[in-house]
Amino acid sequence: MDHVKKIFLAILACFILIGLTACSPAAAGPRLIAAAQATPIAVYPTQAVPLLHTVTVYNLTLELEVNDVQAAAAEAIRLNTSYGGALVTSQSWFEGKRSVVFLEFAVPDGQSARLHTALLQLGRTTGENYATYAHDCLTCQPFSHISLYLRSANRLLPALPASGWNPERTLQASWRVFTAIFGFLVDVIIWVAVVVGPFALAGWGIAALVRRLRGRAGAARKPDEEKPA
């Protein structure tokens, strides 16, 4: 009996060991490690480096002979400002008895031709030349440079003082008054000719036609009146 009990215990112990072995986790075997997914690196476009561009700049030198240097200089500065330009430098001196004013303007290239035309009206041109040169810049606006020389008119007689009696100034003032009055009269004549003229011409034609018709009617009645009763 004891022998059978020992065998039974031994078999039971074997079953317990087998059960424990089945429940225990399997030994860690080699595992395949998934390769990490490659994440692309964001590449941002780099800002293009602005390139220098070449612009053509004009450099004009203009020499004028004027009657009144100071008045011409003031008008030249006003014209330059009205066209968007700036006064770079100004100088004045005497050449013998002649007064000279030098002005340097910087004006936008698109307005340089207009300013040039306006400056020519200030006096008599005695010298003019221009040159061009290339200028490299990023976002600059091209400016033309105008060097203006204003010289007083070369008179055979010395210029009369600005104050007091001046026959030239009187003649200029009287001429301006004459042209103003004459221009007004011419404007009146033009208005009368254009506005009143057609109506006057039509009235004259109607009057002439009425006179002719009356003349014909009188001539037709006259033979009847001469017949004996």
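A few points on the structure. (Residues numbered from 1 in each chain as written. Predicted model: local features only at pLDDT ≥ 70, side-chain atom pairs only at ≥ 80, totals over all residues. Heavy atoms only, no water.)

**Quick word on the pairing of strand β5 (residues 143-152)**
Item 1. The element β5 is extensively covered by neighbouring structure, given that 7 of its 10 residues are classed as buried.
Item 2. Sheet topology note: the strand β3 (residues 98-108)/β5 ladder contains 9 bridges and is antiparallel. Pairing of Leu103 across the sheet is with Leu148, part of β5. (Buried < 20%, exposed > 50% of the residue type's maximum accessible area, 1.4 Å probe, protein only. Helix = DSSP H or I, 4+ residues; strand = E, 2+ residues; numbered from the N terminus. Pairing = 2+ DSSP bridges.)

**Notes on the environment of Val100**
Item 1. Note on placement: Val100 falls in strand β3.
Item 2. Residue class for Val100 comes out buried when judged on its relative accessible area of 0%.
Item 3. C-alpha separation for the pair Val100 and Val66, spaced 34 residues apart in sequence, amounts to 9.9 Å.
Item 4. Among all residues touching Val100, those that are not within four sequence positions of it are Gln91, Ser92, Trp93, Glu95, Leu150 and Arg151. (Contact = heavy atoms within 4.5 Å.)

**Some details on the pattern of salt bridges**
Item 1. Under the criterion given, the structure shown has 5 salt bridges.
Item 2. In this structure, Glu63 engages Arg151 in a salt bridge whose closest nitrogen and oxygen atoms are separated by 3.3 Å. With a gap of 88 residues between them, Glu63 in strand β1 (residues 53-66) and Arg151 in strand β5 connect regions that are remote in the sequence.
Item 3. Judged by relative accessible area, which is 16%, Arg151 ranks as buried.
Item 4. Its salt-bridge partner being Arg78, residue Glu75 comes within 2.6 Å of it at the nearest N-O pair. (Salt bridge = Lys/Arg side-chain N within 4 Å of Asp/Glu carboxyl O.)

Bear in mind that shape data such as this cannot, by itself, settle questions of function.
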